[in-house]
Amino acid sequence: MDGVYLKKVKTPQLLKNDVLGRYFSEFNGTHYIPNETLKRIYPDDLLYLTNQL
């Protein structure tokens, strides 16, 4: 994607982006928690995140 740059950070941090609210319900300090819709579509993602982080 042109114009999109990713930056690796040592400490995860809350991003200020209104669009995130469409997909995630909260930021827990290490990762974003998917909303109910994403939990149904990708049920293994939250399980992976909680076991890997």
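Please refer to the structure higher up on the page.
Described below are features of the structure shown in this document. Keep in mind it's a predicted model, so treat the numbers as computed, not measured.

### Focus on the overall build of the protein
Part 1 of the reasoning: Within the protein, the secondary structure is distributed over two helices and two strands.
Part 2 of the reasoning: The N-to-C order of helical and strand elements in the protein reads β-β-α-α.
Part 3 of the reasoning: Taking the principal axes of its C-alpha atoms as reference, the protein extends roughly 30 × 25 × 20 Å.
Part 4 of the reasoning: Across the 53 residues of the protein, 13% fall into the buried class.

### Some thoughts on the packing of aromatic side chains
Part 1 of the reasoning: Scanning all chains against the criterion turns up two aromatic pairs.
Part 2 of the reasoning: The interplanar angle of 50° and the centroid separation of 5.5 Å between the aromatic rings of F24 and Y32 together place this pair among those described as tilted.
Part 3 of the reasoning: Assessed through its relative accessible area of 27%, F24 is described here as partly exposed.
Part 4 of the reasoning: Its relative accessible area of 16% is what places Y32 among the buried residues.
Part 5 of the reasoning: Centroid distance F27 to Y32: 4.9 Å. Interplanar angle 50°. Geometry classified as tilted.
Part 6 of the reasoning: Owing to a relative accessible area of 22%, F27 belongs among the partly exposed residues under this scheme.

Calculation rules
- Residues numbered from 1 in each chain as written.
- Predicted model: local features only at pLDDT ≥ 70, side-chain atom pairs only at ≥ 80, totals over all residues.
- Heavy atoms only, no water.
- Helix = DSSP H or I, 4+ residues; strand = E, 2+ residues; numbered from the N terminus.
- Buried < 20%, exposed > 50% of the residue type's maximum accessible area, 1.4 Å probe, protein only.
- Phe/Tyr/Trp six-rings, centres within 6.5 Å; stacked < 30°, edge-to-face > 60°.

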